[in-house]
Amino acid sequence: MNKIEHLGIAVKDLAASEQIFQDLLGTTPYKREEVASEGVLTSFFMIGDSKIELLQATSEDSPIAQFIDKKGEGIHHIAFDVSDIYGEISRLQKLGYTMIHKVPKAGADGKIIAFLHPKSSNRVLVELCQDVPK
Ligand code: ZN
């Protein structure tokens with residue numbers, strides 16, 4: 001694991017939350033991107049070398065809608081940058097951790113991603129992400 005790549009924050013109203021984080025961070029979001037496979041609309045802020053990802057559900061069966069139903073808005077996941085996502089997945093599985101995605105999938109912001117099941121990691125949803133090799 002190289003660094004914390006971003007924190008994902010589940011929000012109900014993306015525009016309202018963009019304003020809040022714009023006020024907090026003193027910078028504007030650098031992109032909005034829909035990830036249809038996850039049923040989310042995302043908005044990204046760069047802060048130093050790390051990012052904040054705001055996530056708003058685009059459908060009622062989106063994982064973000066389910067999260068907000070259960071827990072309300074707030075920190076949803078922590079994402080770590082990795083150099084070899086396939087190697088990390090197999091390393092963690094060998095150690096007995098449960099992956100939600102055993103094979104990486106396309107995520108937002110030009111990444112391939114895989115989530116670790118939160119039951120494996122103190123109820124913290126962990127995302128592994130890697131820049132898509134060019
Ligand atoms: Zn994320």
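Here we summarise the structure given alongside this text. In this text, all values refer to a predicted model and were calculated from it rather than measured experimentally.

**What to know about the overall build of the chain**
Item 1. Secondary structure summary: the chain contains three helices and eight strands in total.
Item 2. For the chain, the N- to C-terminal ordering of α and β elements is β-α-β-β-β-α-β-α-β-β-β.
Item 3. Since a compact globule built from 134 residues should have a radius of gyration of about 14 Å, the 14 Å found for the chain is in line with a globular shape.
Item 4. Along the first, second and third principal axes, the C-alpha set of the chain runs to 40 × 35 × 25 Å.
Item 5. Across the 134 residues that make up the chain, the buried fraction comes to 46%.
Item 6. Taking the intrachain contacts of the chain between residues at least 6 apart in sequence as the baseline, contacts between residues at least 24 apart amount to 52%.
Item 7. In the structure as shown, the chain presents an accessible area of about 7,300 Å², 53% of it carried by carbon and sulfur atoms.
Item 8. Charge-centre separation for the chain: the mean point of 15 positive side chains lies 7 Å from the mean point of 19 negative side chains.

**Side note on helix 3 (residues 85-94)**
Item 1. Turning to helix 3, its buried residues number three or more, namely Ile85, Glu88, Ile89 and Leu92. Within helix 3, the buried residues cover an arc of 100 degrees as seen down the axis, which keeps them to one side. In helix 3, the exposed positions that point more than 90 degrees away from the buried face belong to Tyr86 and Lys94.
Item 2. Buried residues in helix 3 make contact with strand 7 (111-116) and strand 8 (126-131).
Item 3. In the stretch just after helix 3, Gly96 is the one whose phi turns positive, near 100 degrees.

**Focus on the coordination of the zinc ion**
Item 1. Taken together, the protein donors to the zinc ion comprise His6 (NE2), Glu53 (OE), His77 (NE2) and Glu127 (OE), at separations of 2.1 to 2.2 Å.
Item 2. Seen from the zinc ion, its four donor atoms lie at angles of 83 to 173 degrees, and the figure they make is irregular.
Item 3. For the zinc ion, the donor residues sit on a single chain with the sequence spacing H-x46-E-x23-H-x49-E. In this pair, His6 is assigned in strand 1 (residues 3-11) and Glu127 in strand 8, connecting sequence segments 121 residues apart. Glu127 shares its class with His6; the two are buried.

Parameters and conventions
- Residues numbered from 1 in each chain as written.
- Predicted model: local features only at pLDDT ≥ 70, side-chain atom pairs only at ≥ 80, totals over all residues.
- Heavy atoms only, no water.
- Helix = DSSP H or I, 4+ residues; strand = E, 2+ residues; numbered from the N terminus.
- Rg over C-alpha atoms; globule rule 2.2 N^0.38 Å.
- Buried < 20%, exposed > 50% of the residue type's maximum accessible area, 1.4 Å probe, protein only.
- Contact = heavy atoms within 4.5 Å.
- Areas by Shrake-Rupley, 256 points an atom, 1.4 Å probe, with all protein chains shown as cover.
- Lys, Arg positive; Asp, Glu negative; His and termini not counted.
- Charge placed at Lys NZ, Arg CZ, Asp CG, Glu CD.
- Arc of directions from axis to C-beta.
- Donors = N, O, S within 2.8 Å, 3.2 Å for Na, K, Ca; no water.
- Tetrahedral: all angles 85-135°; square planar, octahedral: opposite > 155°, others 65-115°.

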